[in-house]
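# Descriptive analysis of the structure
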Amino acid sequence: MLLAGHHDDSPAVRARVAETLSAAAAEPLPGLDLRCLGGYEVRVGAPVPPDRWTSLHAQLILVYLVANGGATRDELLDLLWPEDDVRRTEVRLRSTRRLLRHALRPP
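The paragraphs below set out a description of the structure included in this document. (Residues numbered from 1 in each chain as written. Predicted model: local features only at pLDDT ≥ 70, side-chain atom pairs only at ≥ 80, totals over all residues. Heavy atoms only, no water.)

### As for the sheet that holds strand β2 (residues 41–44)
Overall, antiparallel pairing links the three strands, which are arranged β1-β2-β3 in an open sheet. Since the sheet does not close on itself, it has two edges, and those belong to β1 (32–35) and β3 (46–47), each with one partner. Relative to β2, β1 is paired through four bridges, and the arrangement is antiparallel. Following the sheet pairing, Leu34 is matched in β2 by Val42. Contacting β1 and β2, helix α2 (residues 56–68) runs over the sheet at an angle of about 105 degrees to β1. (Pairing = 2+ DSSP bridges. Helix = DSSP H or I, 4+ residues; strand = E, 2+ residues; numbered from the N terminus. Contact = heavy atoms within 4.5 Å. Axes fitted to C-alpha atoms, helices over the stretch in contact; angles between N-to-C directions.)

### Re α2
Taking 1.5 Å per residue as the helical rise, α2 with its 13 residues ought to reach 18 Å, and the 18 Å between its terminal C-alpha atoms agrees with that figure. Buried residues along α2 sit against β1, β2, α3 (73–80) and α4 (86–104). Where α2 starts, the residue carrying a side-chain oxygen 3.2 Å from the main-chain nitrogen of His57 turns out to be Ser55. At the C-terminal side of α2, Gly69 shows a positive phi close to 75 degrees. (Expected span 1.5 Å × (residues − 1). Polar contact = N/O pair within 3.5 Å; in protein donor to acceptor, adjacent residues only side chain to side chain.)

### Details of the environment of Leu60
By the element assignment, Leu60 lies in helix α2. Overall, Leu60 belongs to the partly exposed group, its relative accessible area being 39%. (Buried < 20%, exposed > 50% of the residue type's maximum accessible area, 1.4 Å probe, protein only.)

### As for a positive patch on the surface
Taken together, the side chains of Arg94, Arg97, Arg98, Arg101 and Arg105 make up a positively charged region of the molecular surface. Relative to the helices and strands, Arg105 resides in the segment after α4. (Patch = residues over 30% accessible without salt bridge, like charges linked within 9 Å, V, L, I, M, F, W, Y side chains within 5 Å. Areas by Shrake-Rupley, 256 points an atom, 1.4 Å probe, with all protein chains shown as cover. Salt bridge = Lys/Arg side-chain N within 4 Å of Asp/Glu carboxyl O. Lys, Arg positive; Asp, Glu negative; His and termini not counted. Charge placed at Lys NZ, Arg CZ, Asp CG, Glu CD.)

So, in structure tokens, the structure goes:
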């Protein structure tokens with residue numbers, strides 16, 4: 001399987017995926033700097049403007065991931081909404097991850 005949920009392994013698709021991965025590997029990722037003592041600031045090359053942070057939960061996820069080197073979905077659900085119904089919190093987590101990706105996206 002080349003991509004999640006994608007089962008076409010034709011030569012044209014394989015070539016396009018290889019080309020895209022090669023191009024992505026040639027571009028270095030910007031560094032991520034996080035300051036959360038004495039104020040909260042995230043830098044991805046340049047500072048992430050405060051108005052990009054529309055969710056405190058997104059900030060908490062970022063700090064947790066940096067501090068712990070990663071997390072499972074269940075760990076994040078327990079961290080953010082320990083007492084809530086799992087079906088409702090899964091929707092919230094997807095939304096919060098989207099807000100985190102949006103905050104970290106280059107302007």
